[in-house]
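# Commentary on secondary and tertiary structure
Letter by letter, the chains look like this.
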Amino acid sequence: MPVEITWWGHATCTVEDANTRVLTDPLFARRLAHLRRRRGAVPPAGARRADVVLVSHLHADHLHVPSLACLEPGTRLLVPRGAPRAVPGLRRLRRLRITEVAPGDEVRAGALLIRVVPALHDGRRLPVGPHRSPALGYVVEGEARTYFAGDTGLFDAMAEQVGPVDVALLPVGGWGPYLGEGHLDAGRAARALARLAPRAAVPVHYGTYWPIGMDAVRPHEFHAPGDEFVRLAAMTAPGVAVHRLGHGESVRLEVAR
């Protein structure tokens, strides 16, 4: 049975598996603070439909309260443990079914099992805030095992913590001219791919948002990460089929286990 992956831009993807729709880190804004969407249309209304939504960490480009408020009433929402305390706006989303999770948790959603795995990333609600929640990745297990890494750096136990997967949605860039600690660039993402050894991969988290007024500052960091990941993955993990999607594009993957 196939799994279908649609990339809407940044870290926002729809994973359709076993007749269940999973949405990751929804961000449906043209502008977020100093960031402007420079490539790809804002996802259409149909992108907001999901059976379960996964939020990887508290940063505003991943936990975006106005985008979450657009979800259909009754949608299941998984957030890092402690998120409602750190982000008061979450507590106003009473139409959603919010579940706090931490690494090691497992949640059933329709025919899917969703495993919560660690990520190496700052778990605070930036720019300031005393409360910290764990940054998370998720493995969606249905007909396929799909790993959504969220935002993460490369860490030694990644393959062990994530486990065997068929598809990996890996961040390969960011939204500014420099990547800080706890991120994957194209090279580190290719090394992660070699460790995880899935059948297929889709690069995400690049080429969508960029700071206003900085179009001429290191523009290759905006344009190049997807192609660079494809190039490096061919050398470090030649057995993995890499699908570089355009905004709003989908790929259907047949997975036989």
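Note that this is a predicted model, so its numbers are computed, not measured.

## Digging into the packing of aromatic side chains
By convention here, two paired aromatic rings are described through the distance between centres and the angle between planes. For the structure shown, the criterion picks out 2 aromatic pairs. Arranged with centres 5.5 Å apart and planes meeting at 75°, the rings of Trp210 and Phe222 form a pair that is edge-to-face. Remark: Phe222 occurs in helix α5 (residues 220–223) and Trp210 occurs in strand β15 (residues 209–211); sequence separation between them is 12 residues. Overall, the relative accessible area of 0% leaves Trp210 in the buried class. A relative accessible area of 1% places Phe222 in the buried class.

## Notes on the sheet that holds strand β12 (residues 145–148)
Read across the sheet, 7 strands follow the order β9-β10-β11-β12-β13-β14-β16 without closing on themselves; strand pairing throughout is mixed. One side of each edge strand has no neighbouring strand; the edge strands of this open sheet are β9 (106–109) and β16 (241–242). Of the pairings in the sheet, the one linking strand β13 (residues 167–171) to strand β14 (residues 200–204) comprises 5 bridges and is parallel in character. From the neighbouring strand, Val167 faces β14, where its bridge partner is Ala200. Its contacts with the sheet place helix α4 (residues 186–196) against β12, β13, β14 and β16, and it is angled at close to 160° to β13.

## A closer look at the environment of Pro80
You can see Pro80 is positioned in strand β7 (residues 76–80). Ignoring sequence-local partners within four residues, the contact set of Pro80 consists of Val55, Ser56, His57, Leu58, Glu100, Val101, Ser133, Pro134 and Leu136.

## Looking at the sheet that holds β15
Strand order in the open sheet formed by 3 strands is β4-β5-β15, with antiparallel pairing between adjacent strands. If you trace the sheet from one side to the other, it starts and ends with β4 (31–32) and β15, each paired once.

## Describing the pairing of strand β10 (residues 112–118)
Among the 7 residues in β10, 6 count as buried, and that is most of the element. Relative to β10, β9 runs antiparallel, the two sharing 4 bridges. When the sheet's bridge partners are listed, Glu106 is paired in β10 with Arg115. Hairpin connection from β9 to β10: 2 residues lie between these consecutive antiparallel strands, with Gly110 at a positive phi of about 60°. Summarising the sheet, β10 and strand β11 (residues 136–141) pair through 6 bridges and their orientation is antiparallel. Of the residues in β11, the one forming a bridge with Leu113 is Glu141.

Cut-off values and rules
- Residues numbered from 1 in each chain as written.
- Predicted model: local features only at pLDDT ≥ 70, side-chain atom pairs only at ≥ 80, totals over all residues.
- Heavy atoms only, no water.
- Phe/Tyr/Trp six-rings, centres within 6.5 Å; stacked < 30°, edge-to-face > 60°.
- Helix = DSSP H or I, 4+ residues; strand = E, 2+ residues; numbered from the N terminus.
- Buried < 20%, exposed > 50% of the residue type's maximum accessible area, 1.4 Å probe, protein only.
- Pairing = 2+ DSSP bridges.
- Contact = heavy atoms within 4.5 Å.
- Axes fitted to C-alpha atoms, helices over the stretch in contact; angles between N-to-C directions.

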